[in-house]
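# Structure at a glance
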Amino acid sequence: MELRTLRYFVAVAEELHFGRAATRLHMSQPPLSRAIKQLEADVGALLLVRSPAGVTLTAVGTVLLDEARALLDHADRVRVRVSAAAGVATITIGILGDGTDPGVARLAADFSRHHPGIDIRVRDTDLTDPTCGLRAGLVDVALTRAPFDVTALTARALRTDPVGVVLRADDPLADRDGLLLAELSDRRWFQFPQDTDPIWQSYWNGGRPREGPVVRTVQECLQAVLWNGTVGLAPLGHDLPAELAVVPLTDMPPSRVVAVWNEGDTNPLIRSFIEIASSAYRR
(Lines give C-alpha, C1' and ligand atoms only; values in the text may rest on other atoms or scores of the structure.)
Protein backbone atom coordinates (compact mmCIF):
# COMPACT_ATOMS: atom_id res chain seq x y z
CA MET A 1 0.00 0.00 0.00
CA GLU A 2 1.34 3.45 -0.89
CA LEU A 3 1.05 6.27 1.62
CA ARG A 4 -0.60 8.42 -1.05
CA THR A 5 -3.35 5.83 -1.52
CA LEU A 6 -3.86 5.59 2.23
CA ARG A 7 -4.25 9.38 2.37
CA TYR A 8 -6.89 9.10 -0.36
CA PHE A 9 -8.73 6.43 1.63
CA VAL A 10 -8.63 8.42 4.88
CA ALA A 11 -10.06 11.46 3.09
CA VAL A 12 -12.97 9.44 1.66
CA ALA A 13 -13.56 7.65 4.99
CA GLU A 14 -13.65 10.94 6.90
CA GLU A 15 -15.74 12.88 4.40
CA LEU A 16 -18.02 9.90 3.66
CA HIS A 17 -18.38 11.29 0.16
CA PHE A 18 -16.13 10.94 -2.92
CA GLY A 19 -16.89 14.42 -4.22
CA ARG A 20 -16.02 16.17 -0.95
CA ALA A 21 -12.93 14.00 -0.55
CA ALA A 22 -11.76 14.88 -4.08
CA THR A 23 -12.21 18.59 -3.31
CA ARG A 24 -10.25 18.20 -0.07
CA LEU A 25 -7.44 16.40 -1.95
CA HIS A 26 -7.43 18.94 -4.81
CA MET A 27 -8.03 16.26 -7.43
CA SER A 28 -10.84 15.07 -9.69
CA GLN A 29 -13.18 12.30 -8.59
CA PRO A 30 -12.51 9.57 -11.24
CA PRO A 31 -8.83 8.93 -10.31
CA LEU A 32 -9.79 8.98 -6.63
CA SER A 33 -12.45 6.31 -7.25
CA ARG A 34 -9.97 4.22 -9.22
CA ALA A 35 -7.39 4.47 -6.45
CA ILE A 36 -9.90 3.28 -3.83
CA LYS A 37 -11.01 0.37 -6.03
CA GLN A 38 -7.38 -0.65 -6.50
CA LEU A 39 -6.85 -0.43 -2.73
CA GLU A 40 -9.85 -2.71 -2.19
CA ALA A 41 -8.36 -5.14 -4.72
CA ASP A 42 -5.02 -5.04 -2.88
CA VAL A 43 -6.69 -5.62 0.48
CA GLY A 44 -8.99 -8.28 -0.93
CA ALA A 45 -12.09 -6.90 0.75
CA LEU A 46 -14.73 -4.20 0.32
CA LEU A 47 -13.81 -1.08 2.30
CA LEU A 48 -16.70 1.23 1.45
CA VAL A 49 -20.37 0.77 0.66
CA ARG A 50 -21.32 3.30 -2.02
CA SER A 51 -24.77 4.88 -2.36
CA PRO A 52 -26.21 8.02 -4.04
CA ALA A 53 -26.08 9.79 -0.65
CA GLY A 54 -22.40 9.02 -0.07
CA VAL A 55 -20.47 6.13 1.41
CA THR A 56 -20.29 4.15 4.64
CA LEU A 57 -17.39 2.15 6.02
CA THR A 58 -17.47 -1.63 6.17
CA ALA A 59 -16.01 -3.44 9.17
CA VAL A 60 -12.77 -3.96 7.23
CA GLY A 61 -12.76 -0.29 6.24
CA THR A 62 -13.10 0.77 9.88
CA VAL A 63 -10.05 -1.30 10.82
CA LEU A 64 -8.03 0.06 7.90
CA LEU A 65 -9.00 3.63 8.78
CA ASP A 66 -7.51 3.29 12.29
CA GLU A 67 -4.35 1.66 10.94
CA ALA A 68 -3.99 4.16 8.08
CA ARG A 69 -4.25 7.10 10.46
CA ALA A 70 -1.52 5.62 12.65
CA LEU A 71 0.74 4.92 9.65
CA LEU A 72 0.29 8.41 8.20
CA ASP A 73 0.96 10.05 11.57
CA HIS A 74 4.17 8.03 11.86
CA ALA A 75 5.21 8.97 8.33
CA ASP A 76 4.64 12.66 9.11
CA ARG A 77 6.72 12.32 12.28
CA VAL A 78 9.58 10.74 10.33
CA ARG A 79 9.46 13.52 7.75
CA VAL A 80 9.60 16.24 10.42
CA ARG A 81 12.55 14.63 12.23
CA VAL A 82 14.55 14.04 9.05
CA SER A 83 13.99 17.61 7.86
CA ALA A 84 15.11 18.95 11.24
CA ALA A 85 18.25 16.81 11.15
CA ALA A 86 19.06 18.03 7.63
CA GLY A 87 18.63 21.65 8.64
CA VAL A 88 16.14 22.36 5.86
CA ALA A 89 14.31 25.69 6.25
CA THR A 90 10.76 24.43 6.72
CA ILE A 91 7.72 25.20 8.81
CA THR A 92 4.87 22.75 9.33
CA ILE A 93 1.48 24.27 10.11
CA GLY A 94 -1.38 22.32 11.65
CA ILE A 95 -4.91 23.37 10.71
CA LEU A 96 -8.01 22.13 12.47
CA GLY A 97 -10.30 21.20 9.57
CA ASP A 98 -11.14 24.84 8.80
CA GLY A 99 -9.10 25.54 5.67
CA THR A 100 -11.93 27.56 4.06
CA ASP A 101 -11.63 30.30 6.72
CA PRO A 102 -10.80 33.58 4.88
CA GLY A 103 -8.27 34.34 7.61
CA VAL A 104 -6.32 31.23 6.57
CA ALA A 105 -6.31 32.35 2.92
CA ARG A 106 -5.00 35.82 3.82
CA LEU A 107 -2.38 34.33 6.15
CA ALA A 108 -1.18 31.89 3.47
CA ALA A 109 -0.73 34.69 0.94
CA ASP A 110 1.01 37.03 3.40
CA PHE A 111 3.35 34.42 4.85
CA SER A 112 4.36 33.10 1.42
CA ARG A 113 5.10 36.64 0.28
CA HIS A 114 7.26 37.35 3.33
CA HIS A 115 9.12 34.01 3.15
CA PRO A 116 9.38 33.04 -0.54
CA GLY A 117 12.23 30.55 -0.02
CA ILE A 118 10.69 28.59 2.84
CA ASP A 119 9.25 25.10 2.46
CA ILE A 120 5.75 25.47 3.97
CA ARG A 121 3.93 22.27 4.89
CA VAL A 122 0.33 22.01 6.05
CA ARG A 123 -1.13 19.20 8.13
CA ASP A 124 -4.94 19.08 8.18
CA THR A 125 -6.22 17.39 11.33
CA ASP A 126 -9.54 16.14 12.62
CA LEU A 127 -11.46 17.31 15.70
CA THR A 128 -9.92 14.82 18.14
CA ASP A 129 -6.69 16.81 18.60
CA PRO A 130 -7.15 20.57 19.08
CA THR A 131 -3.35 21.02 19.04
CA CYS A 132 -3.25 19.66 15.44
CA GLY A 133 -0.28 17.41 16.22
CA LEU A 134 1.71 20.06 18.12
CA ARG A 135 2.19 17.94 21.26
CA ALA A 136 3.16 14.93 19.15
CA GLY A 137 5.88 16.94 17.39
CA LEU A 138 4.17 16.72 14.00
CA VAL A 139 3.81 20.49 13.48
CA ASP A 140 5.65 23.66 14.49
CA VAL A 141 2.59 25.84 14.97
CA ALA A 142 -1.17 25.26 14.90
CA LEU A 143 -4.17 27.27 13.74
CA THR A 144 -6.97 25.95 15.89
CA ARG A 145 -9.77 26.82 18.28
CA ALA A 146 -9.71 27.20 22.06
CA PRO A 147 -10.34 26.18 24.79
CA PHE A 148 -8.10 23.16 25.45
CA ASP A 149 -5.22 22.24 27.74
CA VAL A 150 -2.38 24.69 26.97
CA THR A 151 0.15 23.29 29.44
CA ALA A 152 3.66 23.93 28.00
CA LEU A 153 2.08 25.74 25.04
CA THR A 154 1.71 29.42 24.15
CA ALA A 155 -1.45 30.69 22.45
CA ARG A 156 -2.21 33.93 20.62
CA ALA A 157 -5.89 34.80 20.13
CA LEU A 158 -6.66 35.79 16.53
CA ARG A 159 -10.46 36.13 16.44
CA THR A 160 -13.62 35.21 18.34
CA ASP A 161 -16.69 33.68 16.68
CA PRO A 162 -20.20 33.27 18.10
CA VAL A 163 -21.40 29.68 18.29
CA GLY A 164 -24.68 28.13 17.22
CA VAL A 165 -26.38 24.77 17.38
CA VAL A 166 -26.63 22.76 14.16
CA LEU A 167 -30.03 21.09 13.72
CA ARG A 168 -31.93 19.36 10.97
CA ALA A 169 -33.79 21.95 8.90
CA ASP A 170 -37.09 20.27 9.82
CA ASP A 171 -36.34 20.34 13.56
CA PRO A 172 -39.03 22.25 15.55
CA LEU A 173 -36.32 24.54 16.94
CA ALA A 174 -34.64 25.29 13.60
CA ASP A 175 -36.70 28.44 12.92
CA ARG A 176 -35.83 30.12 16.22
CA ASP A 177 -33.74 33.32 16.26
CA GLY A 178 -31.77 32.07 19.26
CA LEU A 179 -31.66 29.26 21.81
CA LEU A 180 -30.42 28.63 25.32
CA LEU A 181 -28.30 25.62 26.18
CA ALA A 182 -30.96 24.51 28.67
CA GLU A 183 -33.45 24.12 25.81
CA LEU A 184 -31.24 21.35 24.41
CA SER A 185 -30.80 19.40 27.64
CA ASP A 186 -32.94 16.46 26.47
CA ARG A 187 -31.04 16.02 23.19
CA ARG A 188 -28.18 13.68 22.28
CA TRP A 189 -24.91 15.49 21.54
CA PHE A 190 -21.99 14.29 19.49
CA GLN A 191 -18.97 13.07 21.45
CA PHE A 192 -15.25 12.87 20.73
CA PRO A 193 -13.25 9.70 21.54
CA GLN A 194 -12.47 9.09 25.22
CA ASP A 195 -8.81 10.18 25.00
CA THR A 196 -9.75 13.62 23.63
CA ASP A 197 -8.74 16.70 25.65
CA PRO A 198 -11.47 17.00 28.36
CA ILE A 199 -11.51 20.82 28.26
CA TRP A 200 -12.11 20.69 24.50
CA GLN A 201 -14.81 18.03 24.88
CA SER A 202 -16.57 19.97 27.64
CA TYR A 203 -16.72 23.16 25.59
CA TRP A 204 -18.32 21.48 22.57
CA ASN A 205 -20.76 19.74 24.93
CA GLY A 206 -21.95 23.07 26.33
CA GLY A 207 -20.12 22.67 29.63
CA ARG A 208 -21.75 19.50 30.95
CA PRO A 209 -21.62 15.72 30.37
CA ARG A 210 -23.70 14.51 27.41
CA GLU A 211 -24.42 11.28 25.58
CA GLY A 212 -24.37 10.62 21.87
CA PRO A 213 -22.46 9.17 18.90
CA VAL A 214 -18.66 9.45 18.72
CA VAL A 215 -17.33 11.56 15.84
CA ARG A 216 -13.90 12.65 14.61
CA THR A 217 -14.43 15.05 11.70
CA VAL A 218 -16.64 18.00 10.79
CA GLN A 219 -18.42 15.85 8.20
CA GLU A 220 -19.09 13.12 10.76
CA CYS A 221 -20.61 15.77 13.05
CA LEU A 222 -22.91 16.99 10.29
CA GLN A 223 -23.89 13.45 9.35
CA ALA A 224 -24.69 12.69 13.01
CA VAL A 225 -27.10 15.63 13.00
CA LEU A 226 -28.61 14.66 9.65
CA TRP A 227 -29.07 10.95 10.35
CA ASN A 228 -29.58 10.84 14.14
CA GLY A 229 -30.92 14.30 15.00
CA THR A 230 -27.86 14.74 17.20
CA VAL A 231 -27.06 18.19 18.55
CA GLY A 232 -23.87 19.64 17.08
CA LEU A 233 -22.26 22.98 17.81
CA ALA A 234 -20.40 25.07 15.24
CA PRO A 235 -19.03 28.59 14.87
CA LEU A 236 -21.46 30.83 13.00
CA GLY A 237 -20.71 31.89 9.45
CA HIS A 238 -19.94 28.50 7.89
CA ASP A 239 -21.88 27.14 4.92
CA LEU A 240 -24.09 24.15 5.66
CA PRO A 241 -26.06 21.74 3.46
CA ALA A 242 -29.65 22.81 2.78
CA GLU A 243 -30.89 19.95 5.00
CA LEU A 244 -29.29 21.56 8.07
CA ALA A 245 -29.77 24.85 9.91
CA VAL A 246 -27.79 26.69 12.57
CA VAL A 247 -29.39 28.68 15.39
CA PRO A 248 -27.29 31.05 17.55
CA LEU A 249 -26.79 30.04 21.19
CA THR A 250 -27.28 33.13 23.30
CA ASP A 251 -25.57 31.81 26.45
CA MET A 252 -22.64 29.97 24.83
CA PRO A 253 -19.15 31.50 25.19
CA PRO A 254 -17.67 32.40 21.79
CA SER A 255 -15.14 30.16 20.06
CA ARG A 256 -11.63 31.65 19.90
CA VAL A 257 -9.44 31.12 16.85
CA VAL A 258 -5.87 30.85 18.15
CA ALA A 259 -2.34 30.27 16.93
CA VAL A 260 -0.47 27.90 19.25
CA TRP A 261 3.16 26.87 19.52
CA ASN A 262 5.42 25.11 22.01
CA GLU A 263 6.40 27.27 24.95
CA GLY A 264 10.01 28.43 24.65
CA ASP A 265 10.36 27.54 20.96
CA THR A 266 12.71 30.21 19.57
CA ASN A 267 12.31 29.33 15.89
CA PRO A 268 12.21 32.75 14.14
CA LEU A 269 9.84 31.37 11.51
CA ILE A 270 7.26 30.69 14.22
CA ARG A 271 7.58 34.22 15.62
CA SER A 272 7.14 35.63 12.13
CA PHE A 273 4.15 33.35 11.51
CA ILE A 274 2.42 34.57 14.69
CA GLU A 275 2.89 38.23 13.82
CA ILE A 276 1.69 37.78 10.25
CA ALA A 277 -1.29 35.71 11.48
CA SER A 278 -2.29 38.42 13.95
CA SER A 279 -2.35 40.96 11.12
CA ALA A 280 -4.13 38.68 8.62
CA TYR A 281 -6.97 37.85 11.01
CA ARG A 282 -7.56 41.52 11.89
CA ARG A 283 -8.42 42.37 8.26
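For the structure itself, look to the data block above.
Conventions and cut-offs
- Residues numbered from 1 in each chain as written.
- Predicted model: local features only at pLDDT ≥ 70, side-chain atom pairs only at ≥ 80, totals over all residues.
- Heavy atoms only, no water.
- Core = buried A, V, L, I, M, F, W, Y, C linked by side-chain atoms within 4.5 Å.
- Buried < 20%, exposed > 50% of the residue type's maximum accessible area, 1.4 Å probe, protein only.
- Contact = heavy atoms within 4.5 Å.
- Helix = DSSP H or I, 4+ residues; strand = E, 2+ residues; numbered from the N terminus.
- Pairing = 2+ DSSP bridges.
- Axes fitted to C-alpha atoms, helices over the stretch in contact; angles between N-to-C directions.
- Parallel < 35°, antiparallel > 145°, perpendicular 65-115°, else oblique.
- Left-handed = near helix turned anticlockwise from the far one by under 90°.
- Nonpolar A, V, L, I, M, F, W, Y, C, P; charged D, E, K, R; others polar.
- Polar contact = N/O pair within 3.5 Å; in protein donor to acceptor, adjacent residues only side chain to side chain.
- Salt bridge = Lys/Arg side-chain N within 4 Å of Asp/Glu carboxyl O.
- Expected span 1.5 Å × (residues − 1).
- Arc of directions from axis to C-beta.

## Let's talk about the nonpolar core
Grouped together as the largest cluster of nonpolar side chains are 33 residues, with contacts concentrated most on Val 165, Leu 179, Leu 184, Leu 233 and Leu 249. Not counting residues within four places of it along the chain, the set of residues in contact with Leu 249 comprises Val 163, Gly 164, Val 165, Leu 179, Leu 180, Leu 181, Leu 184 and Leu 233. Formed by 22 residues, the second largest nonpolar core is a distinct cluster that contains Leu 6, Val 10, Ala 13 and Ala 22.

## Considering the pairing of strand 3 (residues 90–95)
Along strand 3, six of the six residues are buried, which leaves the element largely enclosed by surrounding structure. Neither face of strand 3 is exposed, since Thr 90, Thr 92 and Gly 94 on one face and Ile 91, Ile 93 and Ile 95 on the opposite face are all buried. Two strands pair when backbone bridges link them, and strand 3 and strand 4 (residues 119–124) are joined in this way by six bridges, in the parallel orientation. Bridged to Ile 91 within strand 4 is Ile 120. Relative to strand 5 (residues 141–146), strand 3 is paired through three bridges, and the arrangement is parallel. Across the sheet, residue Ile 93 finds its bridge partner in strand 5, namely Val 141.

## Some words on the packing of helix 5 (residues 102–114) against helix 8 (residues 268–282)
Where helix 5 contacts helix 8, the axes come no closer than 9 Å and their chain directions differ by 135 degrees. The pairing of helix 5 with helix 8 is recorded here as oblique in orientation. In this structure, the crossing between helix 5 and helix 8 has a hand that is right-handed. Across the interface between the two elements, Gly 103, Val 104, Arg 106, Leu 107, Asp 110, Phe 111 and His 114 from helix 5 touch Leu 269, Ser 272, Phe 273, Ile 276, Ala 277, Ala 280 and Tyr 281 from helix 8. When the residues that make up the contact of helix 5 with helix 8 are grouped by side-chain class, the tally is nine nonpolar, three polar and two charged.

## Points about the environment of Ala 142
Within the fold, Ala 142 resides in strand 5. Classification of Ala 142 by relative accessible area gives buried; the value is 0%. Spatially, the C-alpha atoms of Ala 142 and Tyr 281 are 14 Å apart, while their sequence positions differ by 139 residues.

## A closer look at the sheet that holds strand 9 (residues 244–248)
Read from one edge to the other, the open sheet built from three strands follows the order 8-7-9, with strand pairing classed as antiparallel. Edge strands, defined here as strands with exactly one partner in the open sheet, are strand 8 (232–235) and strand 9. The average undirected angle you get between the axes of adjacent strands in this sheet is 40 degrees. Note: strand 7 (residues 163–168) against strand 9, five bridges, orientation antiparallel. In the strand pairing of strand 9, Arg 168 is matched with Leu 244. Each of strand 7, strand 8 and strand 9 touches helix 7 (residues 218–228); the most contacted strand, strand 7, lies at about 45 degrees to it.

## Overview of the side chain of Thr 196
Position of Thr 196 among the secondary structure elements: in the loop between strand 7 and helix 6 (198–204). Judged by its relative accessible area of 6%, Thr 196 falls in the buried class. Only 2.8 Å separates the side chain of Thr 196 from the backbone oxygen of Pro 193, close enough to count as a polar contact.

## A closer look at the pattern of salt bridges
When the charged atoms of two side chains with opposite charge come close together, those side chains can pair. Going through the model one piece at a time under the given rule, you end up with 13 salt bridges. One salt bridge connects Glu 15 with Arg 20, and the closest N-O pair in it is separated by 3.9 Å. Accessibility expressed as a relative area gives 12% for Glu 15, which makes it buried. A network of salt bridges, in which partner residues are shared, links Arg 145, Arg 159 and Asp 161.

## Things to note about the sheet that holds strand 4
Ordered in space as 4-3-5-10-6, the five strands form an open sheet in which the pairing is mixed. In this open sheet, the two edge strands, each paired with only one partner strand, are strand 4 and strand 6 (153–161). Strand-to-strand twist of the sheet, defined as the mean angle between neighbouring strand axes without regard to direction, takes the value 25 degrees. Against the sheet, helix 8 engages strand 3, strand 5, strand 6 and strand 10 (255–262), with an angle of about 15 degrees to strand 6.

## Let's talk about helix 3 (residues 29–43)
Between its first and last C-alpha, helix 3 extends 21 Å over 15 residues, near the 21 Å set by a 1.5 Å rise per residue. Within helix 3 the residues assigned to the buried category are Leu 32, Ser 33, Ala 35, Ile 36, Leu 39 and Glu 40. For helix 3, the buried positions fall inside an angular range of 160 degrees around the axis, keeping them on one side. Residues of helix 3 that are exposed and point over 90 degrees away from its buried face: Arg 34, Lys 37, Ala 41 and Asp 42. Where helix 3 terminates, the next one or two residues include Gly 44, which has phi positive at roughly 85 degrees.

Read these as layout, nothing more, since geometry by itself doesn't imply function.
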